[in-house]
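Analysis of the macromolecular model
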Amino acid sequence: MKVGLFIPCYVDAVYPEVGMATWKLLKHLGLDVTYPEKQTCCGQPMANAGFEKQSIPLAEKFEDMFKDFDYVVAPSVSCTAFIRLNYPRLLNHECETAKRSMDVVEFLHDVAKVNRRLGTFPHRVSLHNSCHGVRELGLSSPSEQHIAKFNKIKDLLQLVDGIDIVEPERPDECCGFGGMFSVEETAVSAQMGKDKVERHIQTGAEYVTGPDCSCLMHMAGVAKKQGLNIQFKHVVEILAAGL
């Protein structure tokens, strides 16, 4: 099984440690992983801003760059969801590469089926469910559907020694980031972020974790401005800790 590692631009530029942790974890599991050089943005920012045509050349490059891999894995639910759901429409044809693109959590849970002990993280961690992960990639159960509860992120975190996993009230409620939403509706976005961070703090957690750096970045900004003592780590950083 050949795995192509896709590191979204904001992870590469702002959270390179998340990209490194993803590589480290996949290699630790014995997977054949390649990081193709000269990667670019998947096109999500411009498409979300209403400039879809500008994202088409990026979609074409992505499809060509990753066409020879069995799976394309990325530590980002929003980018993965954009690729899988929007590329076929933008390119106006069936996209095999997009079909094989997966967030690292769903890949580890559904394809690699990891069930052995991983690293060590002796801390209380509050679990954040990003909207794209819940409602587009199916990483956890949406509360509004009233179905049996499941959470693939939590399943993986339970493989880490010493961790105490908790969840906030309203566990799948949006943190308020939403890409362009946080720019266009700043006041609403900020208040949603404050409410969400407060619910995470009420769990007594030392850390908040989740599958998307954009949500974590938004909440970390809120916490820093308010002087709150809580830290934020992408789920792969915790899964790879101590390996």
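Located above this text is the structure these notes cover.
Rules behind the numbers
- Residues numbered from 1 in each chain as written.
- Predicted model: local features only at pLDDT ≥ 70, side-chain atom pairs only at ≥ 80, totals over all residues.
- Heavy atoms only, no water.
- Pairing = 2+ DSSP bridges.
- Helix = DSSP H or I, 4+ residues; strand = E, 2+ residues; numbered from the N terminus.
- Axes fitted to C-alpha atoms, helices over the stretch in contact; angles between N-to-C directions.
- 1 Å grid on protein atoms, 1.4 Å probe; cavity = no way out; pocket = protein on both sides within 12 Å on 5 of 7 lines; lining within 4 Å.
- Points joined across faces, edges and corners; volume = space filled by probe spheres on them.
- Disulfide = S-S within 2.5 Å.

Topic: the sheet that holds strand E2 (residues 32–34)
Strand order across the open sheet formed by 4 strands is E2-E1-E3-E4, with parallel pairing between neighbours. Edge positions in the sheet fall to E2 and strand E4 (101–103), since each has one partner strand and no second. The mean angle between the axes of side-by-side strands here comes to 35°, regardless of whether they run parallel or antiparallel. Relative to E2, strand E1 (residues 2–5) is paired through 3 bridges, and the arrangement is parallel. In the sheet register, Gly4 faces E2, and the bridge partner there is Thr34.

Digging into empty space enclosed by the protein
Taken as a whole, this structure holds 1 cavity of 30 Å³ or more when the rule is applied. Of the voids in this model, the largest cavity is the one considered here, and its volume is about 40 Å³. Taken together, Phe6, Gln39, Thr40, Cys41, Leu58, Lys61, Phe62, Met65 and Phe66 make up the full set of residues lining the largest cavity.

Some thoughts on the state of the cysteines
Under the counting rule described, the total for this entry stands at 0 disulfides. Cys79 provides the cysteine sulfur closest to Cys42, a residue in no disulfide bond, and the two sulfurs are 4.0 Å apart.

Concerning the sheet that holds strand E8 (residues 231–234)
In spatial order, the strands read E6-E5-E7-E8; together these 4 strands make up an open sheet with parallel pairing. On the outer flanks of this sheet lie strand E6 (164–166) and E8, each paired with one strand and no other. Between one strand axis and the next, the sheet turns by 35° as a mean value, whatever way the strands run. Bridge analysis of strand E5 (residues 124–127) against E6 gives 3 bridges, and the strand direction is parallel. From the neighbouring strand, Val125 faces E6, where its bridge partner is Ile165.

What is shown is where atoms sit, not what they do.
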